[in-house]
Amino acid sequence: QVQLVESGGGLVEAGGSLRLSCAASGRTVSGYTVAWFRQGPGKEREFVARINWSSGNTYYLDSFKGRFTISRDNAKNTVYLQMNSLTPEDTAVYYCATARTLNGVNPKDYDYWGQGTQVTVSS
């Protein structure tokens, strides 16, 4: 079993930055892919970024390249999402998820999910 807990969300002004954390417990994530998704008001769940824990390889949806950065902390079994130059369109609940190593953006490929953390960007 894996438990995921997101933190770091909150209210931020447009143009500001925020760093989200996803802490995993119950097992090591060394053999897994860890991804961030988000779901804005009235929208479908959207892929943001993923990282392969073993290799460190990352992948971003094109719209987030250069603005968002995913990283890991092996000792803490934690992944981060650094978000810069935030806009109101980034307002959403942000979720982390894990699965066996894969290359994809489909939420159905991910087995374990956190409860999410709310990010609100003011105009």
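This one's a predicted model, so the numbers in the text were calculated from it and none came from an experiment.

In this section: the nonpolar core. If you look at the biggest cluster of nonpolar residues, it comprises 26 residues, and the most contacted ones within it are Leu20, Trp36, Phe68, Leu81, Met83 and Tyr94. Those elements that place two or more of their residues in this core are β3 (18–25), β4 (32–39), β5 (46–52), β7 (68–73), β8 (78–83), β9 (92–100) and β11 (117–122). Not counting residues up to four positions away in its chain, the partners in contact with phenylalanine 68 are Arg38, Val48, Tyr60, Leu81, Gln82, Met83, Asn84, Leu86, Asp90 and Tyr94. Ranked by size, the runner-up nonpolar core spans seven residues in total, among them Phe37, Phe47, Ala97 and Tyr110.

Attention now moves to the sheet that holds strand β1 (residues 3–7). Within the open sheet, the four strands sit side by side as β1-β3-β8-β7. Their pairing is antiparallel. Of all strands in the sheet, those bounded by a partner on one side alone are β1 and β7. Pairs of neighbouring strands in the sheet enclose a mean axial angle of 15 degrees, with direction left out of account. Alignment of β7 against β8, held across six bridges, turns out to be antiparallel. Within β8, the position partnered with phenylalanine 68 by the bridge is methionine 83.

Bringing the packing of aromatic side chains into the picture now. This structure, assessed with the given rule, holds seven aromatic pairs. Pairing phenylalanine 47 with tyrosine 59 gives two aromatic rings, centres 5.9 Å apart and planes at 35 degrees, and the pair type is tilted. One end of the pair, phenylalanine 47, is in strand β5; the other, tyrosine 59, is in strand β6 (residues 58–60), with twelve residues separating them in the sequence. Here phenylalanine 47 falls in the buried class, since its relative accessible area comes to 4%. With centroids separated by 6.5 Å and ring planes inclined at 70 degrees, the aromatic side chains of tyrosine 110 and tryptophan 113 adopt a geometry described as edge-to-face. Given a relative accessible area of 24%, tryptophan 113 falls into the partly exposed group.

A few words on the state of the cysteines. Enumeration according to the criterion identifies one disulfide in this entry. The partner cysteine of cysteine 22 in its disulfide is cysteine 96, sulfur to sulfur 1.9 Å. Taking the sign of the S-S torsion, 65 degrees for the link of cysteine 22 and cysteine 96, the bridge is right-handed. Highlighted residues: cysteine 22 in strand β3 and cysteine 96 in strand β9, separated in sequence by 74 residues. Classification of cysteine 96 as buried rests on a relative accessible area of 0%.

Analysis parameters
- Residues numbered from 1 in each chain as written.
- Predicted model: local features only at pLDDT ≥ 70, side-chain atom pairs only at ≥ 80, totals over all residues.
- Heavy atoms only, no water.
- Core = buried A, V, L, I, M, F, W, Y, C linked by side-chain atoms within 4.5 Å.
- Buried < 20%, exposed > 50% of the residue type's maximum accessible area, 1.4 Å probe, protein only.
- Helix = DSSP H or I, 4+ residues; strand = E, 2+ residues; numbered from the N terminus.
- Contact = heavy atoms within 4.5 Å.
- Pairing = 2+ DSSP bridges.
- Axes fitted to C-alpha atoms, helices over the stretch in contact; angles between N-to-C directions.
- Phe/Tyr/Trp six-rings, centres within 6.5 Å; stacked < 30°, edge-to-face > 60°.
- Disulfide = S-S within 2.5 Å.

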